[in-house]
Structure formats: C-alpha cells, structure tokens
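Chain residues, written in single-letter form:
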Amino acid sequence: MIVNNVRLVLENEVVSGSLEMRDGRIASFSDSGSQLPGALEGEGAFLLPGLVELHTDNLDKFFTPRPKVDWPAHSAMSSHDALMVASGITTVLDAIGVGDVRDGGHRLDNLSKMIGAIQQSNRKGVNRADHQLHLRCELPHHTTLPLFEALMDTPELALVSLMDHSPGQRQYVSLEMYRLYYQGKYQLNDAQMDQFEREQRALAAEFSTPNRNAIAGLCRARGIPLASHDDATAAHVAESHAAGSAIAEFPTTLAAARASRDCGMQVLMGAPNIVRGGSHSGNVAAWELAGHGLLDILSSDYYPASLLDAVFRLVDDERNSLTLPQAVALVTRNPARAIGLHDRGVLAEGLRADLVLAHTDHGHVHIRHVWSQGRQVF
C-alpha cells in the first residue's frame, strides 16, 4: 500500500512525499512521489502517526447511554471502537473507574462487563484500534483496594491512575465549583448536598492515604506505569512522585505542572481544555502550560474528536511557539513512550503502520483515512 502526494509529519519536520506500508509496518517513505499504479492519492493532506490515547472514559458512555439504561456489551464496544478510529485514535487505553460509585453505582456494575468486552473483542480480532486498559482508582472508598487487587494482573492493564475527587482539594479546591457540579449532576437540594459533602470528606479521611500507598506499591512491584491525577500543590506532586508516578494527569495549577516536570513526570492535559480555551473547572488552561513548555501529552478525556483538533489549534495559537511535529508528538510519540510502547507513535521505517490522513479545509481538521497496522479502518 502506497500513500502518495502527502505532507509527512516526521519527528522534527514536515516533508512532502509518499509512504509505503507492507505487512503491517512502515516499509519506507520518500520526499518524492511514487509513480507506481494503484497508489492512493493523498491530495496534499497531512499524513501523521495514529493517535495514542491514554485516558478516555468514552466506553462508559456506550455501556450506559442514559441513566438506568444497560446497553449490550458487544454493541457498546463496537460503537466505541468505531468512534475511536473515526477520531484518528489507533491506540486507546480505555479508562475504567475502580471504587467510584458516585454515579449511582453503574460504574461498579459495569466494571467486569467493560473489561470483559475489551478482552473478548481483542481476542476475536474485531477491534480496529488497539485497546488496552487504564484503571482509574478513586481512592476514598472501601471497595477500591480489593477491586484493584482482583484486577491488577489483567494482561491488558497498561496504566493506573490515583484519583481523589473529595471536596476542598485538587480539582475541587473551590467548594463553590464542587457544589455547583455535584448539585447539578445529582439534582441535590442544599441539605442533601451538605450530607453528600460530609460523606465524601469522611471517606477521604479514612481511605485515601492507605489506598494510595497500597496501590502504588502493587504497581511498582509489577512494573505498571502510574499516573497522578489533579495535583494542585507542590505537596501533592511530592506525594505523587514518592508513590512512583511517571505521568501527571491534569495538574490544576501552573505550580503543580512545573513541580511535576521538575520531578521528571510527563505532564498530561485534556484536549477539550485546548478546544474550549480553558478548563471547565476553572483550573489552569492547557494552552498556558504549552506556552511555558510544560505540556507533554494530550488526552481526549471525554470527547474523542478533540484530540486531533487540539493539535492544530495549538499550532495556530500565537501564544506559544509549537511546530506541527511538536504538537503531533503530544498525541503520538510522547504518550506511546510514556507507557513503554516504542513500536508506534512516529513515522519511521519498521514501526507499526498506524496512520492518519487528515486535511485542514475551511479552518477545520478533517480525517480522511485511518490505518491500523497497515489495514485501512476508516
């Protein structure tokens, strides 16, 4: 398979030319066009590595598309997979919450079904993207540690993050934002919200620290990459670094992002933050971290199509100086290497032919084709 007349987004430059795939790998690329018949005409579009997504809870939405609606596993997994490749994502870590029962328990109910769907669809070879597992451990709950212990040897497990969404700290330093979000989400009156807040504080006081220490130790013993979540202060970052975190997910302040980088952690922010122009929780903007050179990885989080959109928005943003190869690395090379995947994320001979062909017409990015291991999946 040859893709002709494209702008190849390499690690350090963009080169016009062609690329050949063979046996699921990138066989070669050239700064000139191919004369062989049957080559796909790229019409000057960008050809870049397939996107690597480390943190998306998109699968959850297909299993429970509405409150109290339980969707069949095969259909949910197939629809989720289709949306991933349509968004240019060829490697996805499906993030599943462990110990998070704030949504009425549906995540707890769906936990085994979602993991089973990932495993069965992988085994049957019906997935178009490469699906692996990210366990998001909500620390302030008594179910978190036993559930993690039951799942920690799952072969697909590629990343674990440690989260604490209790009020008054991290993502919810502002109690006003905390109350606004959860009162709206659960339709709580003031008295019910007061009770909910007291319960969450009590759970955090009892379980957060012991669960953090225990799960981090189990990850270190098994060599599972660990991520922090919503660190807001230097003390939070020091705690995450001591636990062995390699990735700092969604630091909420510039100081926390800088401290994370100083500790050697890769800073991950949400692509929706870029697309929307800021954080929906009132925290630090991702473009600001990019301007300070403190952005390493982007994640689509809750909106898959935001990932590639954010890349081109960053390049067009005059507040920072990112080149297209540097911005593309945030969603390809950097996330792949952060979890030890060195066979993808770069246009280089011998690596997986995970590719995205995209063009920018009328000021917006559009995906034309996607290949996963050399097979066209979109």
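Residues numbered from 1 in each chain as written. Predicted model: local features only at pLDDT ≥ 70, side-chain atom pairs only at ≥ 80, totals over all residues. Heavy atoms only, no water.

## What about the overall build of the chain?
Per the secondary structure count, the chain includes 13 helices and 16 strands. Whereas a compact globule of 378 residues would reach a radius of gyration of roughly 21 Å, the chain reaches 21 Å, a difference of no more than 12%. Each of the three principal axes of the chain carries a C-alpha extent, and together these read 70 × 45 × 40 Å. Restricting the contact set of the chain to residue pairs at least 6 apart, pairs at least 24 apart contribute 65%. When the accessible surface of the chain is summed, it comes to about 15800 Å², and 50% of that surface belongs to carbon and sulfur atoms. Distance between charge centroids for the chain: 3 Å, based on 32 positive and 44 negative side chains. (Helix = DSSP H or I, 4+ residues; strand = E, 2+ residues; numbered from the N terminus. Rg over C-alpha atoms; globule rule 2.2 N^0.38 Å. Contact = heavy atoms within 4.5 Å. Areas by Shrake-Rupley, 256 points an atom, 1.4 Å probe, with all protein chains shown as cover. Lys, Arg positive; Asp, Glu negative; His and termini not counted. Charge placed at Lys NZ, Arg CZ, Asp CG, Glu CD.)

## Points about the packing of aromatic side chains
If you walk through the whole model with that rule in mind, you get one aromatic pair. It is arginine 7 that lies over the ring of phenylalanine 46; its NZ or CZ is 3.9 Å from the centre. Between the NZ or CZ atom of arginine 319 and the centre of the ring of tryptophan 287, over which it lies, the distance is 3.7 Å. (Phe/Tyr/Trp six-rings, centres within 6.5 Å; stacked < 30°, edge-to-face > 60°. Lys NZ or Arg CZ within 6 Å of the ring centre and 35° of its normal.)

## A few points about the pattern of salt bridges
By the definition in use, this model includes 15 salt bridges. Across the salt bridge formed by arginine 22 and glutamate 20, the nearest N and O atoms sit 2.5 Å from each other. In this structure arginine 22 comes out as partly exposed when scored by relative accessible area, which is 47%. Judged by relative accessible area, glutamate 20 falls into the partly exposed class, the value being 23%. A cluster of three or more residues bridged by salt bridges with shared partners is formed by Glu11, Arg333 and Arg337. (Salt bridge = Lys/Arg side-chain N within 4 Å of Asp/Glu carboxyl O. Buried < 20%, exposed > 50% of the residue type's maximum accessible area, 1.4 Å probe, protein only.)

## Some thoughts on the nonpolar core
Leu48, Met269, Leu298, Leu308 and Val311 are the most contacted members of the largest nonpolar core, which totals 36 residues. At six residues, helix H11 (residues 306-316) tops the list of elements feeding residues into this core. Of the residues that make up this core, three or more belong to each of domain 1 (1-49 + 344-377) and domain 2 (51-343). Once residues within four sequence positions are removed from consideration, leucine 48 is found in contact with Val9, Leu308, Val328, Leu347, Asp354, Leu355 and Val356. One finds Ala76, Leu139, Phe148 and Leu157 within the second-largest nonpolar core, a separate group that totals 28 residues. (Core = buried A, V, L, I, M, F, W, Y, C linked by side-chain atoms within 4.5 Å. Domains from an automatic or database assignment.)

## Quick word on the packing of helix H4 (residues 144-151) against helix H6 (residues 190-222)
Two quantities define a packed helix pair, namely the angle between the helix axes and the distance between the axes. The geometry of H4 relative to H6 is characterised by a closest axis approach of 10 Å and an angle of 10° between their N-to-C directions. On the basis of their axis angle, the class for H4 and H6 is roughly parallel. Counting all contacts with H4, which are made through Thr144, Leu145, Phe148 and Glu149, the residues of H6 involved are Asn211, Ala214, Ile215, Leu218 and Cys219. Counted by class, the contact of H4 with H6 contains six nonpolar, two polar and one charged residues. (Axes fitted to C-alpha atoms, helices over the stretch in contact; angles between N-to-C directions. Parallel < 35°, antiparallel > 145°, perpendicular 65-115°, else oblique. Nonpolar A, V, L, I, M, F, W, Y, C, P; charged D, E, K, R; others polar.)

## Overview of the sheet that holds strand S13 (residues 297-299)
Strands sit in the order S6-S7-S8-S9-S10-S11-S12-S13 across an open sheet of eight strands; the sheet is parallel. Lying at the two open borders of the sheet, with one neighbouring strand each, are strand S6 (51-56) and S13. Direction aside, the axes of adjacent strands within the sheet are offset by 25° on average. Summarising the sheet, strand S12 (residues 266-270) and S13 pair through three bridges and their orientation is parallel. In the strand pairing of S13, methionine 269 is matched with leucine 298. Strands S6, strand S7 (89-98) and S13 of the sheet are contacted by H11, whose axis makes an angle of about 135° with S13. (Pairing = 2+ DSSP bridges.)

## Examining unusual backbone geometry
Here glutamate 43, not a glycine, exhibits a phi torsion of approximately 55°, which is positive. Backbone geometry at aspartate 301 places phi at a positive 55°, although glycine is not the residue there. Looking at aspartate 301, the relative accessible area reads 18%, which means it is buried.

## As for the pairing of strand S2 (residues 14-22)
Bridging between strand S1 (residues 2-9) and S2 involves six bridges; their strand directions are antiparallel. Note that in S2 the partner of isoleucine 2 across the bridge is glutamate 20. In sequence, S1 turns back onto S2 through a hairpin of four residues. Taken together, the five bridges between S2 and strand S3 (residues 25-30) define a ladder with antiparallel strand orientation. Counted as the bridge partner of leucine 19 is phenylalanine 29 from S3. Here S2 folds back onto S3 in antiparallel fashion, the turn holding two residues, of which aspartate 23 has a positive phi close to 55°.

## Section: the domain arrangement of the chain
Domain annotation for the chain reports domain 1 (1-49 + 344-377) and domain 2 (51-343). Taken over C-alpha atoms, the centre of domain 1 sits 30 Å from the centre of domain 2. Listed per partner, the contact involves 26 residues of domain 1 and 24 residues of domain 2. Both faces combined, the contact of domain 1 with domain 2 buries some 2000 Å², and carbon together with sulfur accounts for 63% of it. Counting the surface domain 1 buries against domain 2, the share from its top three residues, Glu11, Arg344 and Val365, is 30%. Counting the contacts that link domain 1 with domain 2 gives four salt bridges. Linking glutamate 11 and arginine 333 is a salt bridge whose minimum nitrogen-to-oxygen distance equals 3.1 Å. At the junction of domain 1 and domain 2, the tally comes to nine residue pairs in polar contact (both at pLDDT 80 or more). When contributions to the side of domain 1 that touches domain 2 are tallied by element, the ones reaching two or more residues are strand S5 (46-49), strand S14 (355-361) and strand S15 (364-372). Here the side of domain 1 that touches domain 2 is composed, by residue class, of 15 nonpolar, four polar and seven charged. (Buried area = accessible area lost by both parts, 1.4 Å probe. Polar contact = N/O pair within 3.5 Å; in protein donor to acceptor, adjacent residues only side chain to side chain.)

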